[in-house]
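Chain by chain, the residues:
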Amino acid sequence: MDFELRRAREKLDKEQRERKQQAKKKIERERKAKEEAARQREAIEAEQRARRLDAVEAQLRADQQMAKNLLAGQGVMFSRILEPVPYPGPGDKIKLPPSCFTELSDQGAFDKGPMYFRLSVVLHNGTSEGNANKGSDKDGVTHSGVLEFTAEEGTVGLPPHIWNNLFPLDGSNTGTLIEVQYVRLPKGTYAKLQPQEAGFSDLPNHKAVLETSLRQHATLSQTEIITVRYGELTHKLCVLELKPASSVSVLETDIEVDIVGSGSASDTVNQHVLKPLVFGTTESGLVEEGNYVYYKFSVEDDLWHKIASEEGKIEVKLEADKNSGDTDLYISKLPLLFPTRHQHMWSSHDVGSKALILSTNDQSLGPGTYSVGIYGYKGKSSYQVSLAIQDNTEQKVGQRPISSVSAMDVDSVQCRNCRHHIPSRSIVLHEAFCSRHNVVCPHPGCGVVLRVEEAKNHIHCNKCGRAFHQAEMEKHMVVFHEPIHCSCGVVLEKEEMVKHQSSDCPMRMITCRFCGDVVQAGTSPLDVRDRLRGLSEHESICGSRTAPCDSCGRSVMLKEMDIHQIAVHQKS
């Protein structure tokens, strides 16, 4: 009996202990559940607080950006994210879709003068690269004007200048968008530029060439690269500094421009460089086959006075090692900066050493800067080029008086072989000797008397009839009679090509008589009157600008100013 009671009591105690443990576990679970619920409630509240703070900060940023945009646009707020599309064209003016015209017009942007836009690359997170890189070099950010509103909706047309500055590395824009924002820019007063390679300062009046290029721009931004073209040459200049701001307008303003030295640390450049050549000195070097080496020299006014008075001549001499190769010598005067095989004013193609004498007999000679081109015709050639003045005063002072006795004696007889006049007393012996050792060239119009052993090497070109040594004929045929392709598409032989390049080629460089810039001539003008005046296409367009007459103040086209002065003011 006691055993059963004990067992029952033990069982009851065990059940009570189990119920107490279950109650404790339940209380613990409830406590943990309450704590977890409190933590979750606190996390939700914290997240809600953070969202409210982010919304407030975003609204604050939006308000600040709106105020900034209104301040930058002087009351006009315009911002679009568009897909960039390249289009060929000069300058920095973009093409926008027609909807942008409507939005800008509604805000009165056209009443505020020229429109300028800030262009920035949009990153994948939706922010512009200019905002992400504040305080850096502003990569992926530039400014522009607007050309027209004809782009497709959702796109913006970018010229090469803008495209290369926004995507400077590889030009790729896969999936990239551009933020276009309307801004107002101050007029520029100062700009410091640096050529990326040597040779820009060698351009004739290079600041005028730069000014002509900047006429196609509406803005300049610091650190951007601008491209300046001079004929077939291309020079890139980096904008180092601008005043009064890092981005300025270049429309209807006078800017002081400083051009500092080239940023290239190496002497090796992709384009030709003019090395200075001084009178009385000799320069030496090497030229590879098919390449050019260029020098320059200047004829000042005092030197030109000496040449014009026939007291001296300019001699450019080129000595080359026959064993190392062969060279050609070309000379041109500005605006032709780099003479070539088919574009030059003077040339020499002799085998071996060669020289060019420039005197007053050449109408093209005058004060100015000249370029000397040494062309590697065959093989790698070592050369020495010298520049000197041939003094004619000593020859005039020490010149022997002309003899009063005629060079042809009264009793002389003409040799039937060489056609020279020989004294009659020795004519028989002379003709016997002359007929054995000399021979006259039978080519029509030649008549050169040659030694018998030299006659076999004396030949004439079948095309032009010129006489050459047999060893020089191969070079003559290549230089003078091989067809040459001009950049304008014309194919001519050398002499005809030289005339074409100097007077007819639309790609030739001329100095405009109205603006003074060195520009491409272009084709013939459409106006017959301009063709009769001898104007080129550029001069016809440039001369259509008006300027006030100095006498009456009337606005007259530049190309008709001389006619106006004669017809109205009777000035010759």
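These numbers were taken from a predicted model, which means no experiment stands behind them.

Attention now goes to the overall build of the protein chain. From N to C terminus, the protein chain includes 14 helices and 33 strands. Counting every position in the protein chain, which comprises 572 residues, the buried fraction comes to 35%. Of the contacts formed within the protein chain by residues at least 6 apart in sequence, a portion of 64% connects residues at least 24 apart. Summing over all exposed atoms, the protein chain offers an accessible surface of approximately 34200 Å²; the carbon and sulfur share of this is 51%.

The next point concerns the sheet that holds strand β16 (residues 312-320). Here 4 strands make up an open sheet; going across it, the order is β14-β21-β16-β19 and the pairing antiparallel. A single partner strand is all that each edge strand has here, and the edge strands are β14 (281-287) and β19 (354-358). Each strand axis lies, on average, 20 degrees off the axis of its neighbour in the sheet, ignoring direction.

Applying the stated criterion across every chain, the model contains 13 aromatic pairs. Taking 5.6 Å as the distance between ring centres and 10 degrees as the angle between the ring planes, the aromatic pair formed by Y292 and Y294 counts as stacked. Plain terms: the ring middles of Y292 and Y375 are 4.7 Å apart, the flat faces sit at 40 degrees to each other, and that makes the pair tilted. Here Y292, found in strand β15 (residues 292-299), pairs with Y375, found in strand β20 (residues 368-378); they are 83 residues apart in sequence, far enough to count as distant. Counting every residue linked through ring pairs, the aromatic cluster contains F279, F297, W346 and Y370. Sitting over the ring of Y190, K243 keeps its end group 5.1 Å from the ring centre. The residue whose ring lies beneath K475 is Y377, and the NZ or CZ to ring-centre distance is 5.0 Å.

If you look at the biggest cluster of nonpolar residues, it comprises 30 residues, and the most contacted ones within it are L193, L203, L210, L220, I226, Y230 and L337. Going through the elements one at a time, β7 (190-195), α5 (206-214), β9 (225-230), β10 (233-243), β15, β20 and α10 (470-481) are the ones with two or more residues in this core. Tallying contributions element by element places β10 first for this core, with 4 residues. Residue contacts for L203: discarding those within four places in its chain leaves V209, Y230, L233, H235 and L337.

To continue, consider α10. Residues spaced three or four apart along an α-helix face the same direction, because each turn holds 3.6 residues. With 12 residues, α10 extends 16 Å from end C-alpha to end C-alpha; this agrees with the ideal 16 Å at 1.5 Å per step. Considered for burial, the residues of α10 that qualify are M473, K475, H476, V479, F480 and H481. Buried residues in α10 make contact with β17 (326-333), β20, β26 (458-460), β27 (467-469) and α11 (494-503).

As a further point, take the environment of V498. Structurally, V498 is set in helix α11. As for V498 and T340, which are separated by 158 residues in sequence, their C-alpha atoms are 9.7 Å apart. Residues in contact with V498, not counting those within four places in the same chain, are H342 and H344.

What follows deals with the environment of P525. Relative to the elements of secondary structure, P525 occurs in the loop between β31 (518-520) and α12 (528-533). Given the relative accessible area of 3%, P525 is considered buried. P525 has contacts with D530, R531, L535, S536, E537 and S540, leaving out every residue within four places of it along the chain.

Within helix α14 (residues 561-569), burial applies to M561, H564 and Q565. Angularly, the buried residues of α14 cover 100 degrees about the axis, an arc narrow enough to put them on a single face. The outward face of α14, more than 90 degrees from its buried face, is lined by the exposed residues I566 and A567.

Right, let's talk about the pattern of salt bridges for a bit. For the structure on display, the rule yields 20 salt bridges. Notably, a salt bridge pairs R529 with D527, separated by 3.0 Å at the nearest N-O pair. Each of D326, D328, K354 and K475 takes part in salt bridges that share partners, so that together they form one network.

What follows deals with the pairing of β16. Taking every second residue as pointing to the same face, the buried face of β16 carries G312, I314, V316, L318 and A320, while none of K313, E315, K317 and E319 on the other face is buried. Note: β16 against strand β21 (residues 381-391), 9 bridges, orientation antiparallel. Directly across from K317, in β21, lies its bridge partner S386.

This part is about the pairing of β19. Only one face of β19 is covered, namely the one carrying K354, L356 and L358; the face carrying A355 and I357 has none of its residues buried. Sheet topology note: the β16/β19 ladder contains 5 bridges and is antiparallel. Within β19, the position partnered with V316 by the bridge is L356.

Taking strand neighbours across the sheet as the criterion, the 4 strands line up as β9-β10-β7-β12 in an open arrangement whose pairing is mixed. Since the sheet does not close on itself, it has two edges, and those belong to β9 and β12 (256-259), each with one partner. Between one strand axis and the next, the sheet turns by 35 degrees as a mean value, whatever way the strands run. Looking at chain direction, β7 and β12 are connected through 4 bridges and run parallel. Of the residues in β12, the one forming a bridge with L193 is I259. Here α5 sits on the sheet in contact with β7, β9 and β12, set at roughly 115 degrees to β9.

Of all residues in the protein chain, 88% attain a pLDDT of 70 or more, and the chain-wide mean is 82. Helix α7 (residues 393-397) is the least confidently modelled element of the protein chain, averaging 50 in pLDDT, while strand β2 (residues 93-95) averages 94, the highest of any element. In the model, residues 265-269 has pLDDT below 50 throughout and makes 2 contacts with residues more than four positions away in sequence or in other chains.

Cis rather than trans, the peptide bond between K243 and P244 has omega equal to 10 degrees. Here P244 shows up in the loop between β10 and β11 (247-249). With a phi angle near 65 degrees, R419 is a residue other than glycine that sits in the positive phi range. Locating R419 in the fold gives a position in the loop between β22 (412-414) and β23 (421-423).

Now for the side chain of H500. Mapped onto the fold, H500 is located in helix α11. Once residues lying within four places of it in the same chain are set aside, the contact partners of H500 are C486, C488, V490, L492 and C505.

Rules used throughout
- Residues numbered from 1 in each chain as written.
- Predicted model: local features only at pLDDT ≥ 70, side-chain atom pairs only at ≥ 80, totals over all residues.
- Heavy atoms only, no water.
- Helix = DSSP H or I, 4+ residues; strand = E, 2+ residues; numbered from the N terminus.
- Buried < 20%, exposed > 50% of the residue type's maximum accessible area, 1.4 Å probe, protein only.
- Contact = heavy atoms within 4.5 Å.
- Areas by Shrake-Rupley, 256 points an atom, 1.4 Å probe, with all protein chains shown as cover.
- Pairing = 2+ DSSP bridges.
- Axes fitted to C-alpha atoms, helices over the stretch in contact; angles between N-to-C directions.
- Phe/Tyr/Trp six-rings, centres within 6.5 Å; stacked < 30°, edge-to-face > 60°.
- Lys NZ or Arg CZ within 6 Å of the ring centre and 35° of its normal.
- Core = buried A, V, L, I, M, F, W, Y, C linked by side-chain atoms within 4.5 Å.
- Expected span 1.5 Å × (residues − 1).
- Arc of directions from axis to C-beta.
- Salt bridge = Lys/Arg side-chain N within 4 Å of Asp/Glu carboxyl O.
- pLDDT = per-residue confidence, 0-100.

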